[in-house]
Amino acid sequence: MARVPHELTIDILCHLSSWCSSIEDPDFIKLHLSHSLKTNTNHSLLLRPCGYHFFSVNYDSLKTTQTLKILGSCNGLLALKNNKKRIFLWNPSTRKSQVLPSTEIGRAGLTFYGFGYDPISDEYNVVRMLNKRFGFLANNAMHWMAFKSPQSGKENLAGFDLASEEFRSVELPDFCLDEPFWFGIGTMGGYLCLSAVHGELGDIVADVWIMKEYGVKESWSKLISWNQPHYIPSVVVPLAFSKNGKKVLFNIGYQWFSFDERDRFVWYDVGSERVENVEIKGLPTSFDVHLYVESLVPLNSNAQQ
């Protein structure tokens, strides 16, 4: 009987996440992760209603599954913090975890975290910062919106390179918004992504920009300008492209503008500009949300199960 080629076997197993948990080959693990990222599969949404408490929602079926406490996520690994303030990494797919060494830090001001991967050193890094928001990963660097100085009245995008451990400044697009209701920045589809909500001729407009070439200001391109007539001002966060790349999943949040509206998800068709509501049962009234990709990335040999 003819044998199935090894390359074909690997390709088949990449589509079967239930089998992947028993396979620990480093090449297969990287191939499985690469396949998930390229095809927008094996994804979950992480919803934070308050504090560090999270809900995990399967991206394909969009059903609430479990509650988590989390600092950040990258390549299927979660950075967590327990009640004893110990930080550890956990892979929900393989159910393995590793406690990180305890380090003391001054308590002057708020402390926030970022978690990312450096492909050059093949290492994962937890970055702890004072007086900055939660960081997000793009182009092998953690990013925060921050003031250049305590006296500065304008925030800028700062990046911390995980390989060189140096800071860099990333310029934002020159969008003409004198008084936007809200704007935020993150990543989508591997690109830096900026979204802004503002008023225009009595309507609410949400603009979405992506940086096609990292670090090049001129490469900022407006992907979406979504006119929302008669809508209540809201936080409009683009999360991910659909598998065919023709739609964008948005999280619409009202917590800053209305106590009567519930946060929700919608699909936005980039071509037709049509909007489709997404119904998910059991969600809290308001929440923050992050995209998480499942993987088989292992922890160190002393990881606990």
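Quantities reported herein were computed from a predicted structural model and do not represent experimental measurements.

Engineer: Account for the overall build of the protein chain, with residues named and values stated.
Structural biologist: Helix and strand content of the protein chain: three helices and 22 strands. Sorting the 305 residues of the protein chain into buried and exposed places 44% on the buried side. As displayed, the protein chain has an accessible area near 17,400 Å², and 50% of this comes from carbon and sulfur atoms.

Engineer: Talk me through unusual backbone geometry; I want residue IDs and the actual numbers.
Structural biologist: Positioned with a positive phi, Asn-75 is a non-glycine residue whose angle comes to about 50 degrees. Along the polypeptide, Asn-75 turns up in the loop between strand S4 (72-74) and strand S5 (77-81). Residue Glu-165 is not a glycine yet carries a positive backbone phi of 55 degrees. Structurally, Glu-165 is set in the loop between strand S12 (155-161) and strand S13 (167-170).

Engineer: Give a detailed account of the pattern of salt bridges, specifying residues and quantitative values.
Structural biologist: In the structure shown here, the tally under the stated rule is four salt bridges. Close ionic contact of Lys-222 with Asp-207 constitutes a salt bridge, the shortest N to O distance being 3.9 Å. Of the two residues, Lys-222 is situated in strand S17 (residues 220-228) and Asp-207 in strand S16 (residues 203-211); the sequence distance between them amounts to 15 residues. Classification of Asp-207 by relative accessible area gives buried; the value is 7%. Where Glu-276 meets Lys-247, a salt bridge forms, and the shortest distance between an N and an O atom there is 3.6 Å. Here the residue Glu-276 occupies a position in strand S21 (residues 275-278), and Lys-247 occupies one in strand S19 (residues 247-253), the gap between them amounting to 29 residues.

Engineer: Account for the sheet that holds strand S20 (residues 264-269), naming residues and giving values.
Structural biologist: The antiparallel open sheet is built from four strands, whose spatial order is S18-S19-S20-S21. In this open sheet, the two strands that pair with only one neighbour each are strand S18 (235-241) and S21. Pairwise comparison of adjacent strand axes, ignoring direction, gives a mean angle of 30 degrees for this sheet.

Engineer: Give me the nonpolar core: which residues, what numbers.
Structural biologist: Grouped together as the largest cluster of nonpolar side chains are 19 residues, with contacts concentrated most on Val-197, Ile-224, Trp-226, Val-236, Val-248, Phe-250 and Ile-252. When residues of this core are traced back to their parent elements, those giving at least two are strand S14 (182-188), strand S15 (191-200), S16, S17, S18, S19 and S20. Broken down by element, this core gets its largest block of residues, four residues, from S16. In contact with Val-248, not counting residues within four places along its chain, are Met-188, Ile-224, Pro-238, Ala-240, Phe-241, Val-266, Trp-267, Tyr-268 and Val-270. Counting residues in hydrophobic clusters, the runner-up holds 17 residues, among them Ala-79, Ile-87, Leu-89 and Leu-100.

Engineer: So what about helix H3 (residues 26-39)? Which residues, and what values?
Structural biologist: Its 14 residues give H3 an end-to-end C-alpha distance of 20 Å, which sits within 8% of 20 Å, the value for a rise of 1.5 Å per residue. Taken residue by residue, H3 has Phe-28, Ile-29, His-32, Leu-33, His-35 and Ser-36 as its buried positions. Seen end-on, H3 carries its buried residues on one side only, within an arc spanning 160 degrees. In this structure, H3 carries Pro-26, Asp-27, Lys-30 and Lys-38 as exposed residues pointing more than 90 degrees from its buried face. Backbone geometry just downstream of H3 places Asn-40 in the positive-phi region, at approximately 55 degrees.

Engineer: Residues and numbers for the packing of aromatic side chains, please.
Structural biologist: One pass over the full model with this rule turns up six aromatic pairs. Ring plane angle 40 degrees and centroid distance 4.6 Å describe the contact between Tyr-117 and Tyr-124, whose orientation is recorded as tilted. Residue classification places Tyr-117 among the buried positions, given a relative accessible area of 16%. These aromatic residues form a ring-pair network of at least three members: Phe-115, Tyr-117 and Tyr-124.

Engineer: I'd like a description of the environment of Arg-262, backed by residues and values.
Structural biologist: Turning to its location among the elements, Arg-262 is positioned in the loop between S19 and S20. Residue Arg-262 is classed as partly exposed on the basis of its relative accessible area of 47%. Taking the C-alpha atoms as reference, Arg-262 lies 6.2 Å from Ser-286; in sequence the two are 24 residues apart. Apart from residues no more than four positions distant in its own chain, Arg-262 is found in contact with Tyr-254, Leu-283, Pro-284 and Thr-285.

How each quantity is defined
Residues numbered from 1 in each chain as written. Predicted model: local features only at pLDDT ≥ 70, side-chain atom pairs only at ≥ 80, totals over all residues. Heavy atoms only, no water. Helix = DSSP H or I, 4+ residues; strand = E, 2+ residues; numbered from the N terminus. Buried < 20%, exposed > 50% of the residue type's maximum accessible area, 1.4 Å probe, protein only. Areas by Shrake-Rupley, 256 points an atom, 1.4 Å probe, with all protein chains shown as cover. Salt bridge = Lys/Arg side-chain N within 4 Å of Asp/Glu carboxyl O. Pairing = 2+ DSSP bridges. Axes fitted to C-alpha atoms, helices over the stretch in contact; angles between N-to-C directions. Core = buried A, V, L, I, M, F, W, Y, C linked by side-chain atoms within 4.5 Å. Contact = heavy atoms within 4.5 Å. Expected span 1.5 Å × (residues − 1). Arc of directions from axis to C-beta. Phe/Tyr/Trp six-rings, centres within 6.5 Å; stacked < 30°, edge-to-face > 60°.

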